[in-house]
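# Examining the three-dimensional arrangement
Spelled out, the chains give:
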Number of protein chains: 4
Amino acid sequence: MITRKIKYGLIGASGRLGNEIKNVFAENHFELVFEYDLNGEKKSGSPEILIDCSLPEVFTKSVSIIDELKIPFIIATTGLNEEQINKLRELSQNVPVVQSYNFSLGIQVLLRLTELANEKLKDWDVEIVETHHRFKKDKPSGTAKMIRNVFKDREVNTSSLRLGNVPGEHTVSFGGLGEVLSISHSATSRRTFAEGILKSAEFVLQKKNGFFSFTDIVFGK
Amino acid sequence: MITRKIKYGLIGASGRLGNEIKNVFAENHFELVFEYDLNGEKKSGSPEILIDCSLPEVFTKSVSIIDELKIPFIIATTGLNEEQINKLRELSQNVPVVQSYNFSLGIQVLLRLTELANEKLKDWDVEIVETHHRFKKDKPSGTAKMIRNVFKDREVNTSSLRLGNVPGEHTVSFGGLGEVLSISHSATSRRTFAEGILKSAEFVLQKKNGFFSFTDIVFGK
Amino acid sequence: MITRKIKYGLIGASGRLGNEIKNVFAENHFELVFEYDLNGEKKSGSPEILIDCSLPEVFTKSVSIIDELKIPFIIATTGLNEEQINKLRELSQNVPVVQSYNFSLGIQVLLRLTELANEKLKDWDVEIVETHHRFKKDKPSGTAKMIRNVFKDREVNTSSLRLGNVPGEHTVSFGGLGEVLSISHSATSRRTFAEGILKSAEFVLQKKNGFFSFTDIVFGK
Amino acid sequence: MITRKIKYGLIGASGRLGNEIKNVFAENHFELVFEYDLNGEKKSGSPEILIDCSLPEVFTKSVSIIDELKIPFIIATTGLNEEQINKLRELSQNVPVVQSYNFSLGIQVLLRLTELANEKLKDWDVEIVETHHRFKKDKPSGTAKMIRNVFKDREVNTSSLRLGNVPGEHTVSFGGLGEVLSISHSATSRRTFAEGILKSAEFVLQKKNGFFSFTDIVFGK
């Protein structure tokens, strides 16, 4: 149990997810001392942990802060390339790093169920569908990619829908001759992601180093 | 009301839809006197009406029969090109022709509802999703194209899923800021299409010529 | 076009919907001068219009204000009884009243589509399903009742689901032999209701008296 | 591997499922020598295995045959009472018995996934929805009861929809604050159940006695 106030920094502070994080962290034992976004930088102290929920373009900025301060790092940015993932692994030798494209508990369970279904329904067809708000730039979503990874080398068709301001829906369907089995997740508010990031922050504050996914935090590593 | 037996011919007689048509027509006042499929031709009389539920490749065969016999023609083949549609219009000056990519009543209602929703939700995002059995060759489905036509010049993203032996599902979704409205149709058996073709047959047997869609038969022309 | 600030009163000001209304109205040309909720009353001026988004228990309070001030009244409370509806009709002889269980544009369109589908699919089975957050007290939802009214004297089975904090989902399904047609609406945020109430406020400020539904405001009376 | 023809008996032979069983068993190494339904009895030999896919009312008839012939027994009847289940357990001391309300592979996987999800999402709300053709008599479906059993003593709200000729759909939804996770199964044809019964027949023909569910056959006991 953490009792004192923890100072934290936030990259992407003015985005949709950034705002939810500020709300959830303020309701808990966290104090925002550093924020960075399109409007520039605000600093009132030295953060003990850094969260990045912005865009891949800002990645070097975040890395330089971790390199300098040697503090735990949580990154929720989607659309990272392989080189960037490798850089995170490198950082994780010295500090704890949590990287995930989706910080909801339900998505973690969906991934587990997909694994199990895939084992039992090996020769069935598979389809993935994701729906997000019209402002989402990357296609397919980072979460859809995580689902796809469950199927390893098998190629799985993925459809991307963009509708209004839907927070995020993912469905994976298995089709056999005579039956269809589907697993669906729907986010009804962004708060759920902010709570997963809070859970991750509490987790990494206890660690010295290591590379963690949100799956590791939910199911253990 | 038709009371005597009507002699009919069927192109694509051994396919999935062909088999349903044979069942439904046998239960009514129709007698199969000509069939044509991959296994060749069987003939026991001269058809008074011809139904084609096969593939675009067989189109010329069907046309040559109509040209010769001058009988009503119902064509359910999907994936026809513009030239083929024009040929049908030409034929329809002399005989009644019904052409549709989908002969279910529910799809006709879905198309009407889509039209109405589009009028009221002009600036909302639109997405179409269609799901069919893994054996379906064309993408997107003919029915999805019919839905797309409702939106005229507006381009509408269409996703195609192929799963097990799903008879056919179509969803059109409208997304505004804060809400999503969807209209979905799901065929639970192919029999529904065969019944729409029966209805069309009874309709064209009363006509001298003209080009009809299944919409005209359901809602009037 | 209204250009000056309009003073408004809000009953149920601290509820979920009340909060959204305060946001949306603040962004437009409205000034909150009277609020009433579980914590009591706050007053800084005389309202020119009153909005009630609370519970049937508070109905008499609202009515007494309208009786005294003779101002336009918008009521979004669900679960009103017949006597309360009659009281509203009585009030509407002197002031304009808008009463609806659902102020979203999408729901209005769903009601229209349901009407049309019902006309064409007279002998099909019908099922209504509504899903709301676990805190919702009334069952079925006021909106589900509005959908049910489309079917007049026909009894339609209605299922109520309570899940997490789902803002609100409604589906009406028509089932024939061989096909199912469904119309679904999903609210992704409560803001959409607040915007419908804003639209209604702008509408009634132009009226002298009369009883209006939100349907009248969207489709004309 | 079974190579010789197996003689089998079928109670409920003229029902929907009965017909599918006859098709699937005829395509394999089975010969129908005894059938029983509303139209009476037909017998051309002594069955080596008995399948009952009829109604609880016929239960005593089936039991008397098993008592007499001492052959393996597969029962797919839904709506059995506790006494009847106990009778089956008694019979299973002498012959192998398979009892299940649903013989589809997909439903077995759905049950496993539901178990797993329930473990991880303990404090989330749960809702079950089942949809079947209008001719289905029992409510909720036997399969819905199987899903409910996963939750042991916890009461789970279950909604039953009756629509057209839908073969069978089941959805179990978990709702947390901010997210919903759903697992859905849809039967696209009754053939899938007949194939599960075939699989069960091949399984019990190798057994001397014992009480088995279809779960035991899919996942091992």
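Rules and cut-offs
- Residues numbered from 1 in each chain as written.
- Chains lettered and ligands numbered in written order.
- Predicted model: local features only at pLDDT ≥ 70, side-chain atom pairs only at ≥ 80, totals over all residues.
- Heavy atoms only, no water.
- Helix = DSSP H or I, 4+ residues; strand = E, 2+ residues; numbered from the N terminus.
- Rg over C-alpha atoms; globule rule 2.2 N^0.38 Å.
- Buried < 20%, exposed > 50% of the residue type's maximum accessible area, 1.4 Å probe, protein only.
- Areas by Shrake-Rupley, 256 points an atom, 1.4 Å probe, with all protein chains shown as cover.
- Lys, Arg positive; Asp, Glu negative; His and termini not counted.
- Charge placed at Lys NZ, Arg CZ, Asp CG, Glu CD.
- Salt bridge = Lys/Arg side-chain N within 4 Å of Asp/Glu carboxyl O.
- Phe/Tyr/Trp six-rings, centres within 6.5 Å; stacked < 30°, edge-to-face > 60°.
- Least-squares fit on C-alpha atoms with pLDDT ≥ 70 in both.
- Contact = heavy atoms within 4.5 Å.
- Polar contact = N/O pair within 3.5 Å; in protein donor to acceptor, adjacent residues only side chain to side chain.
- Pairing = 2+ DSSP bridges.
- Axes fitted to C-alpha atoms, helices over the stretch in contact; angles between N-to-C directions.
- Parallel < 35°, antiparallel > 145°, perpendicular 65-115°, else oblique.
- Left-handed = near helix turned anticlockwise from the far one by under 90°.
- Nonpolar A, V, L, I, M, F, W, Y, C, P; charged D, E, K, R; others polar.
- Right-handed = clockwise from strand over helix to strand, strands pointing away.

Our next topic: the overall build of chain A. Each helix and strand in chain A was counted, giving seven helices and 11 strands. In terms of overall dimensions, chain A is globule-like: its C-alpha atoms have a radius of gyration of 18 Å, near the 17 Å expected for 221 residues. The C-alpha extent of chain A, read off along each of the three principal axes, is 60 × 35 × 35 Å. Across the 221 residues of chain A, 60% fall into the buried class. Looking at chain A as shown, the accessible area adds up to about 9,600 Å², and 46% of this sits on carbon and sulfur atoms. Between the centroid of the 29 positive side chains of chain A and the centroid of its 28 negative side chains there is a distance of 3 Å.

This part covers the pattern of salt bridges. Overall, the coordinates contain 40 salt bridges over all chains when judged by the stated rule. For K61(B), the salt bridge identified is with E41(B), shortest N-O distance 3.2 Å. Placement of K61(B) in helix 2 (residues 59-69) and of E41(B) in strand 3 (residues 40-43) is noted, with a sequence separation of 20 residues between them. Residue K61(B) is classed as partly exposed on the basis of its relative accessible area, which comes to 26%. E41(B) gets classed as partly exposed once you look at its relative accessible area, which sits at 47%. Ionic pairing is found between D138(C) and K136(C), a salt bridge with its closest N-O pair at 3.2 Å.

Aromatic rings in a pair are described by how distant their centres are and how their planes are angled relative to each other. Per the stated rule, a full pass over the model turns up 24 aromatic pairs over all chains. Note on F103(C) and F214(C): the rings are 5.3 Å apart at their centroids and 50° apart in plane angle, and the pair reads as tilted. Residue F103(C) is found in the loop between strand 6 (96-99) and helix 4 (105-120), and its partner F214(C) is found in helix 7 (residues 214-219); the two are separated by 111 residues along the sequence. The two residues F103(C) and F214(C) agree in class, both being buried. Residues F151(C) and F174(C) carry aromatic rings whose centres are separated by 5.9 Å and whose planes lie at 45° to one another, so their mutual orientation is tilted. Of this pair, F151(C) sits in the loop between helix 5 (142-150) and strand 8 (157-162) while F174(C) sits in strand 9 (residues 169-176); the two residues are 23 residues apart in sequence, bridging distant segments of the chain. A single burial state applies to F151(C) and to F174(C), both of which are buried. Every member of this aromatic cluster is reached through a ring pair, and the members are Y8(A), F25(A) and F30(A).

We now examine the relation of the copies chain D and chain B. Once chain D is rotated about the relating axis by 180° and shifted along it by 0.0 Å, it coincides with chain B to within an RMSD of 0.0 Å. The symmetry that links the two subunits is that of a two-fold axis. Using C-alpha coordinates, one finds that chain D approaches the rotation axis most closely at T188(D), a distance of 3.3 Å. Take the interface residues of chain D: 100% of them recur as interface residues in chain B, which is what a same-surface contact looks like.

To continue, consider the interface of chain D and chain A. With 29 residues of chain D at the interface, the matching set in chain A holds 29 residues. Viewed at the interface, chain A and chain D are joined by zero salt bridges. In this assembly, chain D and chain A are joined by 19 residue pairs in polar contact (both at pLDDT 80 or more). Elements with a minimum of two residues in the side of chain D that touches chain A: helix 4 (105-120), strand 10 (179-187) and helix 7 (214-219) of chain D. At 10 residues, helix 4 of chain D tops the list of elements feeding residues into the side of chain D that touches chain A. With nine bridges connecting them, strand 10 (residues 179-187) of chain A and strand 10 of chain D associate as antiparallel partners. Bridged to A187(A) within strand 10 of chain D is E179(D).

Moving on, we come to the packing of helix 1 (residues 16-27) of chain C against helix 6 (residues 191-204) of chain C. All names here are of chain C. The interhelical angle for the contact between helix 1 and helix 6, taken along N-to-C directions, is 55°, at an axis separation of 8 Å. Classified by the angle their axes make, helix 1 and helix 6 are oblique. The hand of the helix 1/helix 6 crossing is right-handed. Contact residues: L17, E20, I21, V24, F25 and E27 in helix 1; R191, F193, A194, E195, I197, L198 and A201 in helix 6. Each residue belonging to the contact of helix 1 with helix 6 can be placed in one class, and the counts come to nine nonpolar, no polar and four charged.

To continue, consider the pairing of strand 7 (residues 125-132) of chain B. Regular strands place side chains that alternate from one sheet face to the opposite one. Residues and elements named next belong to chain B. The buried fraction of strand 7 amounts to eight of the eight residues, a majority that puts the element mostly inside the structure. Of the two faces of strand 7, both are covered, the one formed by D125, E127, V129 and T131 as well as the one formed by V126, I128, E130 and H132. Where strand 7 lies against strand 9 (residues 169-176), seven bridges are found, and the strand directions are antiparallel. The residue of strand 9 that forms the bridge with T131 is E169. Bridge count between strand 7 and strand 8 (residues 157-162): six bridges; the pairing is parallel. Residue pairing in the sheet places E130 in a bridge with S160 of strand 8. In this view, the connection linking strand 7 to its parallel neighbour strand 8 by way of helix 5 (residues 142-150) has right-handed handedness.

All names here are of chain B. Strand order in the open sheet formed by seven strands is 3-2-1-4-5-6-11, and the pairing between neighbours is mixed. At either end of the open sheet lies a strand with only one pairing partner, and these are strand 3 and strand 11 (210-212). In this sheet, adjacent strand axes meet at a mean angle of 20° when their direction is disregarded. Bridge analysis of strand 2 (residues 30-37) against strand 3 gives four bridges, and the strand direction is antiparallel. Bridge pairing in strand 3 places Y36 opposite E41. Against the sheet, helix 1 (residues 16-27) contacts strand 1 (6-11), strand 2 and strand 4 (49-52), and its axis sits at roughly 175° relative to strand 1.

Okay, the interface of chain D and chain B next. Taken together, the contact between chain D and chain B spans four residues of the former and four residues of the latter. In this assembly, chain D and chain B are joined by zero salt bridges. Along the contact surface separating chain D from chain B lie two residue pairs in polar contact (both at pLDDT 80 or more). Of the residues that constitute the side of chain D that touches chain B, the class distribution is two nonpolar, two polar and no charged.

What follows concerns the relation of the copies chain D and chain A. With an axial shift of 0.0 Å and an RMSD of 0.0 Å, the rotation relating chain D to chain A amounts to 180°. In this assembly the copies share their binding face: 100% of the residues contributing to the interface of chain D also contribute to that of chain A.

All names here are of chain C. Tracing the chain through its elements places K42 in strand 3 (residues 40-43). In this structure the C-alpha to C-alpha distance between K42 and K7, which are 35 residues apart in sequence, comes to 14 Å. Discounting residues that sit within four places of it in the chain, K42 has contacts with V33, F34 and E35.

The next thing to look at is the sheet that holds strand 5 (residues 73-75) of chain C. Residue and element names in this part refer to chain C. Strands sit in the order 3-2-1-4-5-6-11 across an open sheet of seven strands; the sheet is mixed. Either end of the sheet is taken by a strand with one partner, and the two such strands are strand 3 and strand 11 (210-212). Going from strand to strand, the sheet's axes swing by 20° on average, the running direction of each strand aside. Packed onto the sheet, helix 2 (residues 59-69) meets strand 1 (6-11), strand 2 (30-37), strand 3, strand 4 (49-52) and strand 5 and runs at close to 175° relative to strand 4. Running over the sheet, helix 6 touches strand 2, strand 4, strand 5, strand 6 and strand 11 and is turned about 155° from strand 5.

Here we come to helix 5 (residues 142-150) of chain D. Structural remark: α-helix, 3.6 residues per turn; residues separated by three or four positions point the same way. Buried within helix 5 of chain D are the following residues: G142(D), T143(D), A144(D), M146(D), I147(D) and V150(D). Buried-residue contacts for helix 5 of chain D involve helix 4, strand 7 (125-132), strand 8 (157-162) and strand 9 (169-176) of chain D.

Nothing here speaks to function; it is geometry throughout.
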